[in-house]
Amino acid sequence: MNATKAIFKKQLKATGANPESLIQFIIFPLLAWALGAMIDTDTMVADFAALPLPYYLIDTLIQEMQSSMPNMVTMQATIFAGMGLIPVVAAIIADDIERKSLRFLSMAGVKPVAYLLGAGSVVLLLAFFSSMGFTLVDRFFGRDMLIFMGAMLSAVVGSIVLGATLGIVCRNVQAASGLSMPIAMVLGFGPIFAQLNDRVARIFNPFYTQQLNVIADYLNLGTSANPLWHSFAIMWANIAVLVVLFTLVYRKKGIVQ
Amino acid sequence: MVSISMKNVTKSFGGNEVLKGVTFEAHDGEIFGMLGPSGAGKTTIINIFTKQIAADAGEWHVSVPSNEIGLMLEHDGLFVNLSALDNLIVFEEIYGLARTLTLEIMEQVGLTQAAKTKVNDLSKGMRQRLVLARALLHKPKILFLDEPTSALDPVTARGIYGLIRDLREAGSTIFLTTHNMEEATHLCDRIVMLHQGRIIEEGPPKEICEKHNALKTTQDLESVFIKLTGGGLQ
């Protein structure tokens, strides 16, 4: 417990010393709000209505447009949890390995789980405030807010463990950015494309970011193909797999260069 | 009591045999020096003792768990975005020590004035003192020092020698690698000389110098090393 607390405080101080790194945690909720405010569906409906097409076709087009228009909070929250956080965590771990700091922590008796909990908790705390920002933008309250926060924080935990695994694999910040960014892009943007293509949705169904997207969509639309617990179960199964992967990678590669 | 020991340890990196049957032991309350040029295998030996790498063959033993070991290595591993004091506080909290101990050790290494300075803004010598403070903070039973005074001015180096001797008086074992023969002469109770992965001489510095007729006005380990290897230290 001492070790986890010490690493948590150390990471908090290090983050405070680099305020630029906090921009990640602010920009996504802000973008969700700004993009949501910019899209004027009333004007779009009027534009469709003015098209010289049969009435039934215009009606279909409007319905199609309204149903397929991605919700900006859903979109930004998925990108934030999937794409934004993985490189952040990978860089934190890779930096501590590259500078050999982890070697000294390890010699002091800090176990990898304690380190991961300490460093990861800072990211989780900051992501908690970002997630609260998303709930305010999308006006989730009460039960909806709890479901959304549960889904967001589950996805954040998944990204923390995945980022940590990539950080250990890469062992330096440059390599960590190189490897984590494409993986993060796939996990962050995949669910966005899945909204537009059912085949893509089927491919991404087993991933936690897709399930975050499904839950956020359910909260906005009120319908879902599967019950909520189904999505949560997939997310937690993802986390369990990622924890096993982290343990395997840690045992194979260690945390010392 | 034997504190650390190695018996017939060998280690290769990509076909290059760095350690060739190294055997020695260091005892409790001893300052044990390992002398040799860069690339002789000194750091590899520390890495084996601290479980960072495994030897290919042979036996090695450390009498205490890793959290009772102090480390001062070439790569300092400091948290560069934190202040000097905050770096020590991380380890103070891990070990569950009192803040007064941290402040005391900062004073002993002469860093009180720089306590709030970020590591990135410290000079190389100050960083080295901070690393030593971190290594000494929990009063380790065994202290591994890899070239501890290589970047320090003579006055600071002497201060550090004093701290190392104090730790020895308290019963700790200090394992020191250096290519500074004068440092080894004045500080170490016993030394081994390592050359191309083999131990070529072992014993108290004075006895080694006597054995090789290198007792001039002061003990001259460097001439012993040159005599034994045909080359100097880089």
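Just so you know, these numbers come straight off a predicted model, no measurement behind them.

1. Side note on the overall build of chain A
Each helix and strand in chain A was counted, giving twelve helices and zero strands. In chain A, the succession of helices and strands from N to C terminus is α-α-α-α-α-α-α-α-α-α-α-α. Overall, the C-alpha framework of chain A stretches about 75 × 35 × 35 Å when taken along its three principal axes. Evaluated residue by residue, chain A yields a buried proportion of 45% over its 257 residues. Summarising the internal contacts of chain A: among those between residues at least 6 apart in sequence, 79% fall at separations of at least 24.

2. Considerations on the overall build of chain B
Looking only at helices and strands, chain B features eight helices and nine strands. In terms of C-alpha radius of gyration, chain B reaches 18 Å, essentially the compact-globule figure of 17 Å for 234 residues. Counting only residues that meet the buried cut, chain B has 47% of its 234 residues in that class. Sequence separation of 24 or more characterises 69% of the internal contacts of chain B that already satisfy a separation of 6 or more.

3. Regarding the interface of chain A and chain B
On the chain B side, the residues contacting the 19 residues of chain A number 19 residues. When residues of the side of chain A that touches chain B are traced back to their parent elements, those giving at least two are helix H1 (2-17) and helix H6 (101-107) of chain A. Here the side of chain A that touches chain B gets eight residues from one element, more than from any other, and that element is H1 of chain A. Here the residues of the side of chain A that touches chain B are counted per class, giving nine nonpolar, four polar and six charged.

4. Notes on the pairing of strand S9 (residues 198-203) of chain B
Where a strand is regular, its side chains alternate between the two sheet faces. Residues and elements named next belong to chain B. Across five bridges, the pairing between strand S8 (residues 190-195) and S9 is antiparallel. Paired with His195 across the strands is Arg198, a residue of S9. Counted along the chain from S8 to the antiparallel partner S9, the turn is two residues long, and its residue Gln196 has a positive phi close to 50°.

5. Some words on the sheet that holds S9 of chain B
Residues and elements named next belong to chain B. In space, the six strands of this open sheet follow the order S5-S6-S7-S3-S8-S9, with mixed pairing throughout. Two strands lie at the open edges of the sheet, namely strand S5 (69-72) and S9, each paired on one side alone. Averaged over neighbouring strand pairs, the angle between their axes works out to 15° when direction is ignored. Two elements, strand S3 (residues 31-35) and S8, share four bridges in a ladder whose sense is parallel. If you follow Met34 over to S8, its bridge partner there is Val192.

6. What to know about the environment of Leu73 of chain B
In this structure, Leu73 of chain B sits in the loop between S5 and helix H2 (84-95). Measuring from C-alpha to C-alpha, the distance between Leu73 of chain B and Thr112 of chain B comes to 22 Å, with 39 residues separating the pair along the chain.

7. Describing the confidence of the model for chain B
Detailed reading of the predicted model is not advised wherever pLDDT is low. Residues and elements named next belong to chain B. Chain-level statistics for chain B give a pLDDT mean of 88 and a share of 95% at 70 or above. Mean pLDDT values over the elements of chain B span from 74, in helix H8 (residues 221-229), up to 96, in H2. Among the prediction metrics, the complex's ipTM stands at 0.83, with pTM recorded as 0.83.

8. Things to note about unusual backbone geometry
Residues and elements named next belong to chain B. Its identity is not glycine, yet Asn8 carries a phi of approximately 55°, on the positive side. On the secondary structure map, Asn8 appears in strand S1 (residues 2-13). A positive phi angle is found at Gln196, which is not glycine, with a value near 50°. Counting through the fold element by element, Gln196 comes out in the loop between S8 and S9. Classification of Gln196 by C-beta neighbours within 10 Å gives partly exposed; the count is 15.

9. Digging into the sheet that holds S1 of chain B
Residues and elements named next belong to chain B. One open sheet holds the three strands; their spatial order is S2-S1-S4, and the pairing between them is antiparallel. Two strands lie at the open edges of the sheet, namely strand S2 (16-27) and strand S4 (57-62), each paired on one side alone. For this sheet, the mean inter-axis angle between neighbouring strands, taken without regard to orientation, is 20°. Sheet topology places S1 next to S2; nine bridges connect them, and they run antiparallel. Bridging across to S2, Met6 finds its partner in Phe24.

10. Some details on the packing of helix H2 (residues 23-38) of chain A against helix H7 (residues 112-137) of chain A
All names here are of chain A. Packing of H2 against H7 leaves a shortest axis separation of 8 Å and a crossing angle of 10°. By the angle class used here, H2 and H7 are roughly parallel. Judged by residue contacts, Phe25, Phe28, Pro29, Ala32, Trp33 and Gly36 of H2 engage Leu126, Ala127, Phe129, Ser130, Gly133, Phe134 and Val137 from H7. Of the residues contributing to the contact of H2 with H7, the split by class is ten nonpolar, three polar and no charged.

11. Brief notes about the environment of Arg143 of chain A
Residues and elements named next belong to chain A. With respect to the helices and strands, the residue Arg143 is situated in helix H8 (residues 142-170). Residue class for Arg143 comes out exposed when judged on the 9 C-beta atoms lying within 10 Å of it. Sequence spacing of Arg143 and Asn238 is 95 residues, and the spatial spacing of their C-alpha atoms is 24 Å.

12. Thoughts on the nonpolar core
Within soluble globular proteins, side chains that are nonpolar generally end up buried alongside one another. Among the nonpolar cores identified, the biggest contains 143 residues, and Val89 of chain A together with Ala133 of chain B are the most heavily contacted of them. It is helix H5 (residues 72-98) of chain A that provides the largest number of residues to this core, a total of 18 residues. Setting aside residues up to four positions removed in sequence, Val89 of chain A forms contacts with Gly120, Val123, Ser159, Ile160, Gly163, Ala164 and Gly167 of chain A.

13. Some details on the packing of H5 of chain A against helix H11 (residues 208-221) of chain A
Residues and elements named next belong to chain A. Between H5 and H11, whose axes approach to 9 Å, the crossing angle comes to 155°. The angle between H5 and H11 falls in the class roughly antiparallel. H5 and H11 meet at a crossing whose hand is right-handed. Taking contact as the criterion, the partners of Val73, Thr74, Ala77, Thr78, Ala81 and Gly82 in H5 are, on H11, Thr209, Leu212, Asn213, Ala216, Asp217 and Asn220. Of the residues assigned to the contact of H5 with H11, the class counts are five nonpolar, six polar and one charged.

14. Some thoughts on helix H9 (residues 173-194) of chain A
All names here are of chain A. The terminal C-alpha atoms of H9, which comprises 22 residues, lie 31 Å apart, in line with the 32 Å expected from a rise of 1.5 Å per residue. A bend of about 25° at Gly188 is the largest found in H9, and the proline Pro191 appears one to four places after it. Listed as buried for H9 are Val173, Ala176, Ser180, Ala184, Leu187, Gly188, Gly190, Pro191, Ile192 and Ala194.

Cut-offs and rules
- Residues numbered from 1 in each chain as written.
- Chains lettered and ligands numbered in written order.
- Predicted model: local features only at pLDDT ≥ 70, side-chain atom pairs only at ≥ 80, totals over all residues.
- Helix = DSSP H or I, 4+ residues; strand = E, 2+ residues; numbered from the N terminus.
- Buried ≥ 20, exposed ≤ 12 C-beta atoms within 10 Å, placed from the backbone.
- Contact = placed C-beta atoms within 7 Å.
- Rg over C-alpha atoms; globule rule 2.2 N^0.38 Å.
- Nonpolar A, V, L, I, M, F, W, Y, C, P; charged D, E, K, R; others polar.
- Pairing = 2+ DSSP bridges.
- Axes fitted to C-alpha atoms, helices over the stretch in contact; angles between N-to-C directions.
- pLDDT = per-residue confidence, 0-100.
- Parallel < 35°, antiparallel > 145°, perpendicular 65-115°, else oblique.
- Core = buried A, V, L, I, M, F, W, Y, C linked by C-beta atoms within 7 Å.
- Left-handed = near helix turned anticlockwise from the far one by under 90°.
- Expected span 1.5 Å × (residues − 1).
- Bend = angle between axes of the 7 residues up to and from the residue.

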